[in-house]
Amino acid sequence: KGKMLANAALHANAYPQVPTMQDCCNMCTNHPDCESWEYSDSKICVLKAGVPQFVDVPADVPAQIWSGCRAGTQC
(Lines give C-alpha, C1' and ligand atoms only; values in the text may rest on other atoms or scores of the structure.)
Protein backbone atom coordinates (compact mmCIF):
# COMPACT_ATOMS: atom_id res chain seq x y z
CA LYS A 1 0.00 0.00 0.00
CA GLY A 2 1.19 3.51 -0.80
CA LYS A 3 3.71 2.44 -3.44
CA MET A 4 3.70 2.85 -7.21
CA LEU A 5 5.90 1.06 -9.72
CA ALA A 6 8.59 2.63 -11.87
CA ASN A 7 8.23 -0.35 -14.24
CA ALA A 8 6.93 0.04 -17.78
CA ALA A 9 3.28 -0.82 -18.34
CA LEU A 10 2.56 -3.70 -20.67
CA HIS A 11 1.06 -2.34 -23.90
CA ALA A 12 -2.77 -2.34 -23.82
CA ASN A 13 -2.93 -3.83 -20.31
CA ALA A 14 -4.61 -1.13 -18.22
CA TYR A 15 -8.05 -2.27 -17.11
CA PRO A 16 -10.81 -0.09 -15.62
CA GLN A 17 -13.52 -1.39 -13.28
CA VAL A 18 -11.50 -4.26 -11.79
CA PRO A 19 -13.49 -5.09 -8.62
CA THR A 20 -10.66 -5.92 -6.20
CA MET A 21 -6.91 -5.76 -5.72
CA GLN A 22 -6.87 -9.58 -5.64
CA ASP A 23 -8.49 -9.62 -9.10
CA CYS A 24 -5.69 -7.37 -10.36
CA CYS A 25 -3.05 -9.69 -8.90
CA ASN A 26 -4.80 -12.67 -10.50
CA MET A 27 -4.82 -10.92 -13.88
CA CYS A 28 -1.07 -10.39 -13.62
CA THR A 29 -0.43 -13.96 -12.50
CA ASN A 30 -2.34 -15.28 -15.52
CA HIS A 31 -0.63 -13.01 -18.08
CA PRO A 32 2.58 -14.53 -19.49
CA ASP A 33 4.46 -11.20 -19.68
CA CYS A 34 3.31 -9.64 -16.41
CA GLU A 35 5.67 -9.58 -13.44
CA SER A 36 4.15 -6.73 -11.43
CA TRP A 37 0.90 -4.76 -11.10
CA GLU A 38 -0.64 -1.53 -9.73
CA TYR A 39 -4.17 -1.14 -8.44
CA SER A 40 -5.91 2.06 -7.35
CA ASP A 41 -9.00 2.83 -5.32
CA SER A 42 -10.57 4.00 -8.60
CA LYS A 43 -10.52 0.29 -9.54
CA ILE A 44 -7.91 0.61 -12.30
CA CYS A 45 -5.48 -2.28 -12.72
CA VAL A 46 -2.26 -1.80 -14.68
CA LEU A 47 -0.11 -4.80 -15.56
CA LYS A 48 3.62 -4.10 -15.71
CA ALA A 49 6.83 -5.68 -16.98
CA GLY A 50 9.75 -6.64 -14.80
CA VAL A 51 10.45 -7.26 -11.14
CA PRO A 52 8.68 -4.55 -9.08
CA GLN A 53 10.60 -1.30 -8.70
CA PHE A 54 8.65 0.36 -5.87
CA VAL A 55 8.52 4.15 -5.54
CA ASP A 56 6.52 6.31 -3.13
CA VAL A 57 3.22 7.72 -4.36
CA PRO A 58 3.66 11.50 -4.78
CA ALA A 59 1.81 13.58 -2.19
CA ASP A 60 -0.26 15.30 -4.90
CA VAL A 61 -1.78 12.02 -6.16
CA PRO A 62 -5.22 11.79 -4.53
CA ALA A 63 -5.77 8.07 -5.13
CA GLN A 64 -4.80 5.21 -2.85
CA ILE A 65 -2.46 2.90 -4.77
CA TRP A 66 -1.28 -0.63 -4.08
CA SER A 67 1.30 -2.56 -6.08
CA GLY A 68 2.87 -5.97 -6.03
CA CYS A 69 4.27 -8.91 -7.93
CA ARG A 70 2.55 -11.87 -9.51
CA ALA A 71 1.40 -14.57 -7.11
CA GLY A 72 4.03 -17.13 -6.22
CA THR A 73 6.98 -14.74 -6.54
CA GLN A 74 8.84 -12.72 -3.92
CA CYS A 75 8.48 -8.92 -4.06
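The following refers to the structure shown. This one's a predicted model, so the numbers in the text were calculated from it and none came from an experiment.

With that out of the way, let us pick up the nonpolar core. Across soluble globular proteins, you tend to see nonpolar side chains buried next to one another. In terms of nonpolar packing, the biggest core is built from 10 residues, these being L10, V18, C24, C25, C28, C34, W37, Y39, C45 and L47. For this core, the secondary structure elements donating two or more residues are α1 (21-29), β3 (36-40) and β4 (45-48). For this core, the element with the most residues is α1, which contributes three residues. Excluding residues within four positions of it along the chain, C45 makes contact with N13, A14, Y15, V18, C24, M27, E38 and Y39.

Before going further, it helps to spend a moment on the sheet that holds β3. If you trace the four strands from one edge of the open sheet to the other, you get β2-β4-β3-β6, paired in antiparallel fashion. Sheet topology places β2 (9-15) and β6 (65-69) at the edges, where each strand pairs with a single neighbour. Neighbour-to-neighbour, the strand axes of this sheet turn through a mean angle of 15°, independent of strand direction. Taken together, the three bridges between β2 and β4 define a ladder with antiparallel strand orientation. By the bridge assignment for β4, A14 is matched with V46. Contacts from α1 reach β2, β3, β4 and β6 within the one sheet, and its direction differs from that of β3 by about 155°.

Conventions used here
Residues numbered from 1 in each chain as written. Predicted model: local features only at pLDDT ≥ 70, side-chain atom pairs only at ≥ 80, totals over all residues. Heavy atoms only, no water. Core = buried A, V, L, I, M, F, W, Y, C linked by side-chain atoms within 4.5 Å. Buried < 20%, exposed > 50% of the residue type's maximum accessible area, 1.4 Å probe, protein only. Helix = DSSP H or I, 4+ residues; strand = E, 2+ residues; numbered from the N terminus. Contact = heavy atoms within 4.5 Å. Pairing = 2+ DSSP bridges. Axes fitted to C-alpha atoms, helices over the stretch in contact; angles between N-to-C directions.

Structural measurements only, silent on function.
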